[in-house]
Amino acid sequence: MDNKRLARLLFPNVDKTPEYYEKLYPPRNLPEGAKVTRLGPSPTGFIHLGNLFGAITDERLAHQSGGVFFLRIEDTDNKREVEGAVDVIVDTLSYFGVEFDEGAGKSGETGAYGPYWQRQRADIYHCFAKKLVEDGMAYPCFCTEEELADMRRRQEAEKANPGYYGKWAVHRDWDLEHIEAALAEGKPYVLRFRAPDPEGKYFKIRDAIRGELSMPVNDIDFVLLKSDGIPTYHFAHVVDDHLMRTTHVVRGEEWLGTLPFHIALFAALGWKAPVYCHTAQLMKIDGGIKRKLSKRKDPELSLDYYKNEGYLPGAVWEYLMTVLNSNFEDWRLAHPTAPIDDFKFTPNKMSVSGSLFDIDKLNDVSKNYLATLDSETVYKCVTDWAKVCDPEYYELLTRDKDFSTKMISIGRGGKKPRKDISHWKQSKEFYSFFFDELFKIEDDFPENVSDSDRKAILAKYLETYDQNDDQSQWFDKVRAIAEDLGFAPQPKMYKQSPELYKGHVGDVSAVIRVAVTGRQNSPDLWCVQQVLGEKRSLERVRKHI
RNA sequence: GGCCCGAUGGUCAAGCGGCUAAGACACCGCCCUUUCACGGCGGUAUCACGGGUUCGAUUCCCGUUCGGGUCACCA
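Residues numbered from 1 in each chain as written. Chains lettered and ligands numbered in written order. Predicted model: local features only at pLDDT ≥ 70, side-chain atom pairs only at ≥ 80, totals over all residues. Heavy atoms only, no water.

Caption draft 1: Inspection of the overall build of chain A at higher detail. When its secondary structure is counted, chain A shows 23 helices and 16 strands. Here the C-alpha atoms of chain A give a radius of gyration of 33 Å, more than 25% beyond the 24 Å that 2.2 N^0.38 yields for 545 residues. When the 545 residues of chain A are sorted by exposure, 52% land in the buried category. In chain A, 72% of the contacts between residues at least 6 apart in sequence involve partners at least 24 apart. Surface accessibility of chain A: about 26,800 Å² in total, with carbon and sulfur atoms responsible for 50%. (Helix = DSSP H or I, 4+ residues; strand = E, 2+ residues; numbered from the N terminus. Rg over C-alpha atoms; globule rule 2.2 N^0.38 Å. Buried < 20%, exposed > 50% of the residue type's maximum accessible area, 1.4 Å probe, protein only. Contact = heavy atoms within 4.5 Å. Areas by Shrake-Rupley, 256 points an atom, 1.4 Å probe, with all protein chains shown as cover.)

Caption draft 2: Examining the pairing of strand 10 (residues 248-252) more closely. With 5 of 5 residues buried, strand 10 is to be regarded as a mostly interior element. Bridge analysis of strand 10 against strand 11 (residues 275-279) gives 5 bridges, and the strand direction is parallel. Bridge assignment links Gly252 to a residue of strand 11, and that residue is Thr279. This β-α-β element, strand 10 to helix 9 (residues 259-269) to strand 11, shows right-handed connectivity. (Pairing = 2+ DSSP bridges. Right-handed = clockwise from strand over helix to strand, strands pointing away.)

Caption draft 3: Structural context of unusual backbone geometry. Gly114 connects to Pro115 through a cis peptide bond whose omega is 0°. Considering the arrangement of structural elements, one finds Pro115 in the loop between strand 4 (108-110) and helix 5 (122-134). Unusually for a residue other than glycine, Lys159 sits at a positive phi of about 60°. Even without being a glycine, Arg245 presents a positive backbone phi close to 60°. Among the structural elements, Arg245 can be located in the loop between helix 8 (233-243) and strand 10. Classification of Arg245 as buried rests on a relative accessible area of 15%.

Caption draft 4: Up close: the packing of helix 14 (residues 375-389) against helix 17 (residues 424-431). The interhelical angle for the contact between helix 14 and helix 17, taken along N-to-C directions, is 105°, at an axis separation of 10 Å. The angle between helix 14 and helix 17 falls in the class roughly perpendicular. Note on element contacts: helix 17 touches helix 14 through Trp424, Lys425 and Ser427, opposite Val378, Cys381, Val382 and Trp385. Taken together, the residues of the contact of helix 14 with helix 17 sort by class into 5 nonpolar, 1 polar and 1 charged. (Axes fitted to C-alpha atoms, helices over the stretch in contact; angles between N-to-C directions. Parallel < 35°, antiparallel > 145°, perpendicular 65-115°, else oblique. Nonpolar A, V, L, I, M, F, W, Y, C, P; charged D, E, K, R; others polar.)

Caption draft 5: Here's a closer look at the pattern of salt bridges. By the definition in use, this model includes 39 salt bridges. A salt bridge links Lys16 to Asp15; its shortest N-O distance comes to 3.6 Å. For Glu74, the salt bridge is made with Arg72, and the minimal N-O distance between the two is 2.9 Å. Note on Glu74: relative accessible area 9%, which makes it buried. Relative accessible area serves as the criterion here: at 0%, Arg72 is assigned to the buried category. (Salt bridge = Lys/Arg side-chain N within 4 Å of Asp/Glu carboxyl O.)

Caption draft 6: Geometry of the environment of Val249. Position of Val249 among the secondary structure elements: in strand 10. Classification of Val249 by relative accessible area gives buried; the value is 0%. The spatial distance from the C-alpha of Val249 to the C-alpha of Leu224 is 20 Å, given a sequence separation of 25 residues. Every residue in contact with Val249, bar those within four places of it in the chain, is listed here: Arg38, His237, Asp241, Pro274, Val275, Tyr276 and Cys277.

Caption draft 7: Main features of the sheet that holds strand 5 (residues 138-141). Spatial ordering of the open sheet is given by 5-6-9, a layout of 3 strands whose pairing is antiparallel. Because the sheet does not close on itself, it has two edges, and the strands there are strand 5 and strand 9 (223-225). Averaged over all neighbouring strand pairs, the angle between strand axes comes to 45°, with direction disregarded. When strand 5 meets strand 6 (residues 190-193), the two strands line up antiparallel, connected through 4 bridges. By the bridge assignment for strand 6, Tyr139 is matched with Arg192. Lying on the sheet, helix 5 is in contact with strand 5, strand 6 and strand 9; it crosses strand 9 at an angle near 130°.

Caption draft 8: Region of interest: the packing of helix 18 (residues 451-464) against helix 19 (residues 471-484). Here helix 18 crosses helix 19 at 145°, and the two axes come no closer than 10 Å. Note on packing geometry: the crossing formed by helix 18 with helix 19 is right-handed. Two secondary-structure elements touch here, helix 18 through Ile457, Lys460, Tyr461 and Thr464 and helix 19 through Trp474, Lys477, Val478, Ile481 and Asp484. Looking at the contact of helix 18 with helix 19, its residues break down into 5 nonpolar, 1 polar and 3 charged. (Left-handed = near helix turned anticlockwise from the far one by under 90°.)

Caption draft 9: View of helix 15 (residues 391-399). Those residues of helix 15 not exposed but buried are Tyr393, Leu396 and Leu397. For helix 15, the angular spread of the buried residues around the axis is 95°, confining them to a single face. What points out from helix 15, more than 90 degrees from its buried face, is the exposed set Pro391, Glu395 and Arg399. Where the residues of helix 15 are buried, they touch helix 14, helix 16 (401-409) and helix 17. (Arc of directions from axis to C-beta.)

Caption draft 10: Region of interest: the protein's contact with RNA strand B. Not every one of the 62 residues close to RNA strand B is listed here, only the nearest: Thr76, Lys226, Glu329, Arg418 and Asp524. The sugar and phosphate moieties of RNA strand B supply 72% of its atoms located within 4 Å of the protein. Measuring from a phosphate oxygen of RNA strand B, one finds a side-chain N or O atom of Tyr202 at 3.3 Å. A distance of 2.8 Å separates a base oxygen of RNA strand B from a polar side-chain atom of Ser227. (Near = heavy atom within 4 Å. Polar contact = N/O pair within 3.5 Å; in protein donor to acceptor, adjacent residues only side chain to side chain.)

This is the structure:
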């Protein structure tokens, strides 16, 4: 068979050579060990936690090594495309602190290895497709969808492996006359890879995350170009990542199964394959069953969820790092305030099995993170959030900035900061009692304090209260009330001889606390009342007498 | 069903032939305390199962089971 002639027949418009492109996209001039990574989302307009998970891996690998991280839009499936999707991808990732050095962007693209939209790279793919045909490594296949479906049915009946391979590859050895005739008739066709006869059954490959893998050598004549001339993911991946000089390919483990395709293609084109990093999937427990996070069922998969709930990007990043690199947590413990850039991220510390997404852990990480922020920053962040996500809360917070800042500063700073808040939505619940519009009694008064004692406590409190008391004067009075009414002035005393008392000063404070804040849990009472003001504090107390 | 990957407490996990099997979250208890927190200390709880190999297996090999992924002109 005259492969050269077939190649000319199939690709009459290709006027460039592989050498031309090799020269156009020369190896990158980067320091030794610099990694080049990329994110290749399809423009569906949906970007999720899994994408961010991979993006952070790419970003760390590249930027930690002085390399390049670029964005390539994999728009080879036109059915999936959503308008404005690139903006969403760039904006969302940027919100979470992931920035690209090169590639597709909101206003065009930057970088010397473009175009970065795969649809615009048709000429390039065709050039290499032509080369594969010339080398006898690819051929046109005229099977219709029905024929393929029929083949699948027969394979099923024979219990043969599904796929277009071996004796099932009916167009594999068509001669030129047949092909020319079909072409002349205008029959649509796809270009298939001609899988070489496998020499061994298996090959070994090293994955940066998983170590050595053993895979069956590819024998499938998979599709390179679809009938519209657009490449499949497989072909585009190989051509692009070679020409864009990607050194490390980070992708989900769902690609493991087609890795033999890619390895075979790299070999057929005479190129060196990149280092692969197949990441584990983020899972979720649902009714006792561990499963992949799903777009439809799990709102927490969407990155908008974290934005809307008011999780800080930095906190989400910290959490993801704990899941991503098993030694991150220990490192963080040892370096509580070090910038995250100082942490050495390594693929071999990444988990191989799918981890459950753990919202408790996120909240914990987030609480610690928020506790390190100063009041001004918190005020700015929470109002920024509320402005778009909770206008009512925004109104309340900005009505009196001084008041809000004081409220926020309670228990903040110092050696032992409070850790009450994990995300802004929850901060509204936490701070609600500071605002009369939201204030309500949420917790019961302590049950070991009788109604009459409660009234007595509050009445005495009212009598002796002085807004000008400092914290210790204030508490001495509370203690005096406790003692008067038969409560131990110190918890320790009560513990030593509980039979002597009705309770201890903590119970007395709890009564006041519930009256003033509506809960048994609140920041320091004295501080709260300083912020709230005498009038409002005492009004709340008065209501319960 | 074929193929691939995986399996350590409720969750995330360290571990790479020899330990009373780290640590974190959650949970429980205690301590500290001027209340609420923060913090400190401690506790419950794990090597999926069966065979090998070995003086010795959580660690290596083989099965089983279970979980996940994938088998498109989608990525």
